[in-house]
Amino acid sequence: MSLLIAVAGKGGVGKTTCSALLLRALLASGVRPLLAVDADPNANLHVLLGFPSPKGLGSVREELLEGPGGAASKEELLEAMVQQRVVEGNDVDLIAMGRGEGPGCYCFVNNLLRRSLSRLAGGYAAVVVDNEAGMEHLSRRNLRRIDHLVLVADPSPRGMSAACAIRDLAADLSLPVGKSWLLLNRPYSAGDGGDAPSLPFPLLAAIPHDPSLPAWEADGRSFLDLGDGSPAASCMAGAIRNLLAGKAR
Ligand SMILES: Nc1ncnc2c1ncn2[C@@H]1O[C@H](COP(=O)(O)OP(=O)(O)O)[C@@H](O)[C@H]1O
Ligand SMILES: [Mg+2]
């Protein structure tokens, strides 16, 4: 059974950066193969992984509804369309959700898509989902059970309340979330977790500001290849060991 980790948080807080670092950390812990799911319509996780631009899954809905055939052949067709959209890497593959649906009735296709995605996910040791701030894919339940919901936040009161709002949304939607974690990104101070008692849920890690990350990105290098010299990458490596062991820091 694969492990599903969903990364969420408000815009610009570092979700995509943390998703890429999580994938790297999982590999460093020997968890492979991995599936990266870019659930932001403005897909950009592929950039940090050094992958070509993916064709989003959003287009399968229209293509499938326009095409001929009965329900059975549509299911096969969709399976093939999903497979075609998987960008393959060495230990990490990537799929992008693409844009949301148009004004038509897509329940039938969405159900097929959901089944197909969970079959796809089942072939990996772990799946990391980089969500958009709006959480559309989470709220449409495009993903099955979420083992770990990682809420990325800055340590300000507004950052905390944004993280809590997402956790509450997940609860309101009765999303099957195993465990919610707070992942502080770029804490203002050294981030020693000293203020942990006031945090609303378990702290996974406090990822430091790491000036090597923008430089790495500008050079077009994959975050999967970051060395332990990167403070953010090595902090995340420790975090994932804790997550896999089920303990907060
Ligand atoms: N820990 C960090 N150290 C340095 N730069 C960071 C860090 N986290 C995020 N950034 C930078 O902040 C910007 C926004 O991050 P991003 O991951 O794209 O946020 P989001 O996906 O939440 O919109 C990017 O330019 C990224 O390089
Ligand atoms: Mg992003």
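Report follows, based on the coordinates. (Residues numbered from 1 in each chain as written. Chains lettered and ligands numbered in written order. Predicted model: local features only at pLDDT ≥ 70, side-chain atom pairs only at ≥ 80, totals over all residues.)

## Structural notes on the overall build of the protein
When helices and strands are counted, the protein shows nine helices and seven strands. A compact globule built from 249 residues would reach a C-alpha radius of gyration of about 18 Å, and the protein, at 18 Å, matches this within 12%. If you line up the protein on its principal axes, its C-alpha atoms span 60 × 40 × 30 Å. Of all 249 residues assigned to the protein, the portion counted as buried reaches 40%. Looking at the protein alone, contacts between residues at least 24 apart form 75% of all its contacts between residues at least 6 apart. (Helix = DSSP H or I, 4+ residues; strand = E, 2+ residues; numbered from the N terminus. Rg over C-alpha atoms; globule rule 2.2 N^0.38 Å. Buried ≥ 20, exposed ≤ 12 C-beta atoms within 10 Å, placed from the backbone. Contact = placed C-beta atoms within 7 Å.)

## Some thoughts on the packing of helix H3 (residues 58-66) against helix H4 (residues 71-84)
In contact at an axis separation of 11 Å, H3 and H4 are set at 150° when each is read in the N-to-C sense. It follows that H3 is roughly antiparallel to H4 by the angle criterion. For the pair H3 and H4, the sense of crossing is right-handed. Taking contact as the criterion, the partners of Val60, Glu63 and Leu64 in H3 are, on H4, Lys74, Leu77, Leu78, Met81 and Val82. Taken together, the residues of the contact of H3 with H4 break down into six nonpolar, no polar and two charged. (Axes fitted to C-alpha atoms, helices over the stretch in contact; angles between N-to-C directions. Parallel < 35°, antiparallel > 145°, perpendicular 65-115°, else oblique. Left-handed = near helix turned anticlockwise from the far one by under 90°. Nonpolar A, V, L, I, M, F, W, Y, C, P; charged D, E, K, R; others polar.)

## With respect to the packing of helix H1 (residues 15-28) against helix H9 (residues 231-245)
Relative placement of two packed helices is described by the angle separating their axes and the distance separating the axes. Interhelical geometry of H1 versus H9 gives an angle of 60° and a closest axis separation of 8 Å. Between H1 and H9, the angle is such that the two are oblique. The handedness of the crossing between H1 and H9 comes out as right-handed. Two secondary-structure elements touch here, H1 through Leu21, Leu22, Arg24, Ala25, Leu26 and Ala28 and H9 through Ala232, Ala233, Met236, Ala237, Ala239 and Ile240.

## Observations regarding the site of ligand 1
In the region of ligand 1, 17 residues are neighbours, and Gly14, Lys15, Thr16, Thr17 and Asp210 sit closest. Every element with two or more residues in the shell around ligand 1 is listed here: H1 and helix H8 (212-218). Along the lines of polarity and charge, the residues of the shell around ligand 1 split into five nonpolar, eight polar and four charged. (Near = placed C-beta within 6 Å.)

## Let's talk about the pairing of strand E4 (residues 126-131)
Of all six residues making up E4, six are buried, and the element is well covered by its neighbours. Residues of E4 alternate between two faces, with Ala126, Val128 and Asp130 on one and Val127, Val129 and Asn131 on the opposite face, all of them buried. Of the pairings in the sheet, the one linking strand E1 (residues 3-8) to E4 comprises five bridges and is parallel in character. Looking at the pairing, Leu3 lines up with Ala126 of E4. (Pairing = 2+ DSSP bridges.)

## A closer look at the environment of Pro202
In this structure, Pro202 sits in the loop between strand E6 (177-185) and strand E7 (203-207). Residue classification places Pro202 among the partly exposed residues on the basis of 16 C-beta atoms within 10 Å. For the pair formed by Pro202 and Leu182, sequence separation is 20 residues and the distance between their alpha carbons is 5.9 Å.

## So, helix H5 (residues 107-121)
In this model H5 runs 21 Å from its N-terminal to its C-terminal C-alpha over 15 residues, within 8% of the 21 Å that 1.5 Å per residue would give. The complete set of buried residues in H5 reads Leu112, Leu113, Leu117, Leu120 and Ala121. Burial along H5 is one-sided: seen end-on, the buried residues are contained in an arc of 165°. Opposite its buried face, H5 presents the exposed residues Cys107, Asn111 and Arg119, each directed more than 90 degrees away. Looking at the buried positions of H5, the neighbouring elements they touch are E1, strand E2 (34-39), H3, H4 and E4. (Expected span 1.5 Å × (residues − 1). Arc of directions from axis to C-beta.)

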